[in-house]
Amino acid sequence: MNQKSHLFDKNEIALLGASLRAIEPTLLKPCQNADTARIWLQGGEPYFDIFLELKNNEIIWFQFTLRGKSLSWCSQNARLQTGITNELSIDDVSFYAASKVIDNDDISDVEFINLVKSILQTRADEEIFAKLLKFFSLVEYQSIMAHTDYEHG
């Protein structure tokens, strides 16, 4: 991650992936359209979750957050976007679950994108994780990787 505060080994990545559990759908705000559904997967540590919105069983939006970092994708702009959440801030607002605010990065955090991909790969045999992994073969993601390799190589 850009903050260089956490390095993840294979065991920690496997534990993070294994800890993700579906939260009861009735706890989420219902969708306006009958063909749209929301899924919330929560990990085994604070500030680790995945939110998804599916239309006709296809992902139209997702947000992955872990330890104050986020990765999101929306069908409207069709690109992976990293950012920083306010979840690790110490203030009155951040204590309320519905108060998550994300400040998008100007330059994609490739290290975090790769970490997210590694965590999702630990559950690649499950349908929802397989669907999420498809976003990492997008042309935009490949161009981020190529640009980073060129810049640092």
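See above for the structure.
Read on for an overview of the structure.

**A look at helix H1 (residues 10–19)**
For an α-helix, the turn length of 3.6 residues means that residues three or four places apart are oriented alike.
Right, so step 1: Residues of H1 that are buried include every one of Ile13, Leu16 and Gly17, and no others. Projected onto a plane normal to the axis of H1, the buried residues spread over an arc of 95 degrees and lie on a single side. Among the exposed residues of H1, those pointing more than 90 degrees away from its buried face are Asn11 and Leu15.
Right, so step 2: Measuring from the backbone nitrogen of asparagine 11 back to the side-chain oxygen at the start of H1 gives 3.1 Å, which picks out aspartate 9 as the cap.

**Regarding the pairing of strand E5 (residues 69–74)**
Right, so step 1: E5 sits mainly inside the fold: five of its six residues count as buried.
Right, so step 2: Hairpin connection from strand E4 (residues 58–66) to E5: two residues lie between these consecutive antiparallel strands, with arginine 67 at a positive phi of about 50 degrees.
Right, so step 3: Strand direction decides the pairing type here: E5 and strand E6 (residues 81–85), joined by four bridges, are antiparallel. The residue of E6 that forms the bridge with serine 70 is glycine 83.
Right, so step 4: Between the end of E5 and the start of E6, which pair antiparallel, lie six residues, with alanine 78 showing a positive phi angle near 50 degrees.

**Some remarks on the environment of tryptophan 73**
Right, so step 1: Position of tryptophan 73 among the secondary structure elements: in strand E5.
Right, so step 2: The exposure class of tryptophan 73 is buried, given its relative accessible area of 9%.
Right, so step 3: In the structure, tryptophan 73 is positioned 13 residues away from isoleucine 60 in sequence and 8.0 Å away in space, judged by C-alpha atoms.

**Describing the pattern of salt bridges**
Right, so step 1: Within the structure shown, the criterion is met by six salt bridges.
Right, so step 2: Here arginine 67 and glutamate 45 are joined by a salt bridge, their closest N and O atoms 2.6 Å apart. With arginine 67 in the loop between E4 and E5 and glutamate 45 in the loop between strand E2 (36–42) and strand E3 (48–55), this residue pair connects regions lying 22 residues apart in the sequence.
Right, so step 3: A residue is classified by how much of its surface remains accessible, and arginine 67, at 16% relative accessible area, is buried.
Right, so step 4: One salt bridge connects arginine 123 with glutamate 126, and the closest N-O pair in it is separated by 2.6 Å.
Right, so step 5: Where salt bridges share partners, they join Glu12, Glu45 and Arg67 into one cluster.

**A closer look at the sheet that holds E2**
Right, so step 1: Strand order across the open sheet formed by seven strands is E1-E2-E3-E4-E5-E6-E7, with antiparallel pairing between neighbours. With partners counted over all chains shown, the strands left at the sheet margins are strand E1 (21–22) and strand E7 (102–104), one partner each.
Right, so step 2: Here E4 pairs with E5 via six bridges, running antiparallel. Of the residues in E5, the one forming a bridge with phenylalanine 62 is tryptophan 73.

Conventions adopted
Residues numbered from 1 in each chain as written. Predicted model: local features only at pLDDT ≥ 70, side-chain atom pairs only at ≥ 80, totals over all residues. Heavy atoms only, no water. Buried < 20%, exposed > 50% of the residue type's maximum accessible area, 1.4 Å probe, protein only. Helix = DSSP H or I, 4+ residues; strand = E, 2+ residues; numbered from the N terminus. Arc of directions from axis to C-beta. Polar contact = N/O pair within 3.5 Å; in protein donor to acceptor, adjacent residues only side chain to side chain. Pairing = 2+ DSSP bridges. Salt bridge = Lys/Arg side-chain N within 4 Å of Asp/Glu carboxyl O.

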